[in-house]
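Each chain is listed here by its residues.
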Amino acid sequence: MKIGILTFHSVYNYGAVLQAMALQRFLLNLNLGDVELINYEVEDFKKLYSLNPFYGGIKMTLQRLFGIKERYSQAKVFDSFIRDNLLQTRPLQLGELPDYLQKYDAIVYGSDQIWNTVLTQDDGVYFGEYTPINIREISYAASFGTDICNSVQREKIRTYLRKFYRISVRERQGIEYIRKEIDNSVELVVDPVFLLNRKYWETLCENCYPINKPYILYYSLQHNEELINRTNRLAETNNLKIICIHPTARKQRIGGIQLYDVGPIEFLSLIKGAEIICTNSFHAVAFSLILNKKVLQVNHSKSKSRINNLLTLLELNEQEYSEVIDFSKVNVQRLAQIVEDSKSFLKISLIN
């Protein structure tokens, strides 16, 4: 059997790269045959992570020129990880896809925000627009990435998703969006990083990035004054220094030490070693849960549902969301069952 995966896998983003690796590793462990990531990227999406500073107007160019040395240094670490850990095809252009995809018995779409048409500039590849009809199409933990389904997303659901063999998403809102447009059954599953156990992730980052003094890890994908202020208070109260990271080396506007040579493995190591993780990143929260850490999360304004859906699986209430959550003390039985159900979804989808 030959399985292809269509997701975001080669961008400078910790969660994107690690979820792609996790899904590929899990599918390889099923011993069904070859599994490779289909190396296709939306042109406009690639620009978000491009190292070329000269696009997007004068203001954007100036912003991107600032800190370009650090961006190149960090990108080099990402590129090395992707090259060494992901099995992928050669880079493919849009016009090649209909013929190239004929080689697969099944294509798994996801995870990540592949159905976020704002990110993909309305590209239909991740909805199966260019996939031959004889290929088995499965979505795994696909996300719309927004709290409101727009007209383009609704149209693509109606046009393309009804031909999928099986559909799964990682947010309850995604189930509602799809059921409003088509009558296909939809299942709720977990992000691929949960398909691999804690021991796997700890071994991957073992002794990678030791920090001698106790610290808070600050990782923000969106500037948020509340998150900054609460992080500073936690650092002062607990006598902790602040370590800052960002996948594209964007300067963080908070007091502390910012690191610029942090790839996916280093990201995991820093979470593992932190006393508290302060973040608005879904995958930072996910790995804090997997590694039994303490986390303070403040919702990203554009995708509140992503983290909230995960915390709901742990039966935490809204008040508990807003405090420092100690994942070593949280009941994870319900999550564990959904992890097993998610594994079964993939096995049944590919074997039956």
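Quick look at the structure, then.

**Remarks on the packing of aromatic side chains**
(1) Moving on: Counted according to the given criterion, the structure contains 16 aromatic pairs.
(2) Moving on: Considering the side-chain rings of Tyr 14 and Tyr 219, the 5.6 Å spacing of their centres and the 70° angle between planes classify their relative orientation as edge-to-face. With Tyr 14 in helix α1 (residues 14-29) and Tyr 219 in strand β7 (residues 215-219), this pair connects stretches of sequence that are 205 residues apart.
(3) Moving on: Ring geometry for Trp 201 against Phe 287: centres 4.9 Å apart, planes inclined by 85°, an arrangement best described as edge-to-face. Residue Trp 201 is located in helix α9 (residues 198-204), and its partner Phe 287 is located in helix α12 (residues 282-290); the two are separated by 86 residues in the primary sequence.
(4) Moving on: Looking at Phe 287, the relative accessible area reads 0%, which means it is buried.
(5) Moving on: Aromatic rings pair up to connect Tyr 12, Tyr 14, Phe 78, Tyr 200, Trp 201, Tyr 219, Phe 267 and Phe 287 into one cluster.
(6) Moving on: Seen from the ring of Tyr 165, Arg 136 lies directly overhead, with NZ or CZ sitting 3.9 Å from the centre.
(7) Moving on: Positioned above the aromatic ring of Phe 282, the side-chain terminus of Arg 170 is 4.7 Å from the ring centre.

**As for the sheet that holds strand β8 (residues 241-245)**
(1) Moving on: Ordered in space as β9-β8-β7-β10-β11-β12, the six strands form an open sheet in which the pairing is mixed. The strands lining the two open edges of the sheet, one partner per strand, are β9 (257-258) and β12 (325-326).
(2) Moving on: Two strands pair when backbone bridges link them, and β7 and strand β10 (residues 276-279) are joined in this way by four bridges, in the parallel orientation. Across the sheet, Tyr 218 pairs through a bridge with Cys 278, a residue of β10.
(3) Moving on: The sheet strands contacting helix α11 (residues 264-273) are β7, β8 and β10, and the helix crosses β7 at an angle near 135°.
(4) Moving on: Contacting β7, β10 and β11 (294-297), α12 runs over the sheet at an angle of about 160° to β10.

Calculation rules
- Residues numbered from 1 in each chain as written.
- Predicted model: local features only at pLDDT ≥ 70, side-chain atom pairs only at ≥ 80, totals over all residues.
- Heavy atoms only, no water.
- Phe/Tyr/Trp six-rings, centres within 6.5 Å; stacked < 30°, edge-to-face > 60°.
- Helix = DSSP H or I, 4+ residues; strand = E, 2+ residues; numbered from the N terminus.
- Buried < 20%, exposed > 50% of the residue type's maximum accessible area, 1.4 Å probe, protein only.
- Lys NZ or Arg CZ within 6 Å of the ring centre and 35° of its normal.
- Pairing = 2+ DSSP bridges.
- Contact = heavy atoms within 4.5 Å.
- Axes fitted to C-alpha atoms, helices over the stretch in contact; angles between N-to-C directions.

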